[in-house]
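Working through the structure, step by step
Below are the chains, spelled out letter by letter.
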Amino acid sequence: MDSFVIYDLETTGLDPAGDDLIQIAAVRFRGGRVLADDSFFSYARPRRRISAFIESYTGIAQAHVASAPSPEEVICRFSAWAANGTLIAHNGLRFDSKFLAATSHRSGRAVREISCIDSIHISKMLFGKARGTGHSLDLVKARLGLADSSLRRHDARGDVDLLAKAVTAMSERLSLDVNLSGVPRHQTWLPASE
């Protein structure tokens with residue numbers, strides 16, 4: 001049975017080369033179930049100050065990250081925790097996977113390739129690809145009738161909580177097997193273990 005890691009990143013901006021991750025949260029998903037007791041969370045201290053826009057969008061202030069480890073240290077810890085699990089992120093192909101790769105290459109360690117799923121592909125399998133059919137996490141939440149999380153949206157913990165519920169519900173509706181067979185995969189990079 002495959003092991004999956006549902007994760008989300010918050011960053012200082014949209015450019016993987018110039019911006020940094022400031023928060024990561026993840027939970028393990030196995031056998032079609034979220035393993036709530038098997039989770040990962042960390043703030044990360046970026047190379048530059050968090051802008052007022054990012055602070056208002058994510059709720060993450062400079063005080064949250066001031067004593068946090070560097071993004072490269074955090075990504076090394078995340079890689080060790082994730083092990084060989086297939087990573088799942090919403091819009092991961094266009095955003096999260098690129099930040100993982102850029103941060104991993106800056107870590108100074110050897111890197112390893114890891115398999116990923118963009119949960120937007122699962123949404124497209126369920127809700128279709130017709131023009132105008134959006135697949136944002138908020139639209140997926142509404143279509144699935146998921147309750148609001150008690151955690152803030154655009155905080156990695158809140159987004160992972162919501163995404164875990166969405167992946168569970170979508171895989172059940174699609175009758176996907178426990179290995180999520182048939183869902184497209186892509187690759188990214190994480191630091192290799194020392």
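Worth saying up front: this structure is predicted, and the values here are computed from it rather than measured. (Residues numbered from 1 in each chain as written. Predicted model: local features only at pLDDT ≥ 70, side-chain atom pairs only at ≥ 80, totals over all residues. Heavy atoms only, no water.)

**Let's talk about the pairing of strand β2 (residues 21-30)**
The cut-off we apply is this: For every residue, the accessible area (1.4 Å probe, protein chains only) is compared with the maximum for its type, and the residue is labelled buried under 20%, exposed over 50%, or partly exposed between those bounds. Numbering of helices and strands starts at the N terminus; helices are DSSP runs of H or I of at least 4 residues and strands are runs of E of at least 2. Here, a strand pair is defined by DSSP locating no fewer than two bridges between the strands.
Most of β2 is tucked away: 9 of the 10 residues are buried. Summarising the sheet, strand β1 (residues 3-11) and β2 pair through 9 bridges and their orientation is antiparallel. Among the inter-strand pairings, D8 is bridged to a residue of β2, identified as A25. Here β2 runs beside strand β3 (residues 33-43); their pairing, made up of 8 bridges, is antiparallel. Pairing of A26 across the sheet is with F40, part of β3. Taking the residues that link successive antiparallel strands as the turn, the β2-β3 hairpin has 2 residues, and the phi of G31 there is positive, at about 65°.

**Observations concerning the sheet that holds β1**
To summarise the sheet geometry, strands pair through backbone hydrogen bonds and adopt either a parallel or an antiparallel arrangement. The line we're drawing: In this analysis, axes come from line fits to C-alpha atoms, helices being fitted only over the stretch in contact, and the angle between any two N-to-C directions falls in the range 0 to 180 degrees. Any pair of residues with heavy atoms lying within 4.5 Å of one another is described as a contacting pair.
Sheet architecture is open: 6 strands sit in the order β3-β2-β1-β4-β5-β6, paired in mixed fashion. For this open sheet the edge positions go to β3 and β6 (186-191), each flanked by a neighbour on one side alone. Direction aside, neighbouring strands of the sheet carry axes that sit 35° apart on average. Relative to strand β5 (residues 111-118), strand β4 (residues 86-89) runs parallel, the two sharing 3 bridges. When the sheet's bridge partners are listed, L87 is paired in β5 with C116. Strands in contact with helix α5 (residues 119-127) are β4 and β5; relative to β5, the strand with the most contacts, it is inclined by about 25°. Sitting on the sheet, helix α7 (residues 156-173) touches β1, β2, β3 and β4, and the angle it makes with β2 is about 30°.

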